[in-house]
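Analysis of the macromolecular model
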Amino acid sequence: MELTVLGRSGSFGAPGSGPCSGYLVRSGSTTVWLDCGTGTFPNLQRHLDPAELTGVVVTHLHPDHCADLYGLHVLARYGLERAGIPVYGPAGLAGAMGGLVRDWGDTFTWHEVGDGDRATLGGLALAFSRTDHPPPTVAVEVSADDRRLVYTSDTGPGWSVAAFDPGADLVLSEATYLHAHRPSGLHLSARQAGEAAREARARRLFITHLWPTLDPLASAEEAAGAFGSHVTLAAPHMVTTV
Ligand SMILES: [Zn+2]
């Protein structure tokens, strides 16, 4: 299984850190777009012909995680003439994005997912867990070939990656703030991300969704101190084997 980072900016895109949340997860001929944050669709096209996309997972309705779905819709409808692309996300996704796209037509097949749900997309098995974040938000465990990736999406400290089985091969965790500066409880600090991954016995930790004006190296250092091992700072176009 392979993870490609399309963007890691938390909440809004910025020149230094690029687009918002978005990732590709591949296994064999299956490729899933995991979160469609602002600015991630152009980066996706550097790594994949969108015609070959197997499906999409949207973790919640904040625009920095879903806005670029409209780009895929327009290309699929008027460029690829492709319909029925599966989209997994919280209840009400299509309707709530109706201010952006009034009529989705038959571009997507919508699948509602919530806490404890499981699904299969091509060769990838998906499991979902409701996080501590105001709009209905799901963390996602992606499994293939005995490897497991856990993506936290957005969460406050009231949820942890320990909601999934311990020992994930890679935890991709939000780490929006530095611990000394947490303006809200809607997100994790880098220290909290490191602590949670250590408690869940993650084999590797990547941090993402960093507030763009912070020093990302300071976040990586803080997370590594809490994790007790090296932490990788997610960056656009980074590709890693899970
Ligand atoms: Zn959010």
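The structure reproduced in this document is the subject of the present report. (Residues numbered from 1 in each chain as written. Predicted model: local features only at pLDDT ≥ 70, side-chain atom pairs only at ≥ 80, totals over all residues. Heavy atoms only, no water.)

Structural notes on empty space enclosed by the protein
Scanning the entire structure with this criterion turns up two cavities of 30 Å³ or more. In this model, the largest cavity occupies a volume close to 40 Å³. Considering the residues around the largest cavity, the lining is formed by T152, W159, S160, V161, V171, S173, L188, A193, A196 and A197. For the lining of the largest cavity, the elements supplying multiple residues, two or more each, are strand 11 (170-174) and helix 5 (190-199). Residues belonging to the lining of the largest cavity are distributed by class as follows: seven nonpolar, three polar and no charged. Put simply, the second largest cavity is a space of about 30 Å³. Around the second largest cavity, the lining residues are V150, V161, D165, A168, V171, A200 and A202. Tallied by class, residues from the lining of the second largest cavity come to six nonpolar, no polar and one charged. (1 Å grid on protein atoms, 1.4 Å probe; cavity = no way out; pocket = protein on both sides within 12 Å on 5 of 7 lines; lining within 4 Å. Points joined across faces, edges and corners; volume = space filled by probe spheres on them. Helix = DSSP H or I, 4+ residues; strand = E, 2+ residues; numbered from the N terminus. Nonpolar A, V, L, I, M, F, W, Y, C, P; charged D, E, K, R; others polar.)

Notes on the state of the cysteines
Applying the stated criterion to the full structure yields zero disulfides. The structure places no disulfide on C36, whose sulfur is separated from the nearest cysteine sulfur, that of C66, by 7.5 Å. (Disulfide = S-S within 2.5 Å.)

Considerations on the sheet that holds strand 5 (residues 85-89)
The seven strands are arranged 6-5-4-3-2-1-14 in an open sheet whose pairing can be described as mixed. Since the sheet does not close on itself, it has two edges, and those belong to strand 6 (108-112) and strand 14 (239-241), each with one partner. Pairwise comparison of adjacent strand axes, ignoring direction, gives a mean angle of 20° for this sheet. Here two bridges tie strand 4 (residues 55-57) to strand 5, and the two strands are oriented parallel to one another. (Pairing = 2+ DSSP bridges. Axes fitted to C-alpha atoms, helices over the stretch in contact; angles between N-to-C directions.)

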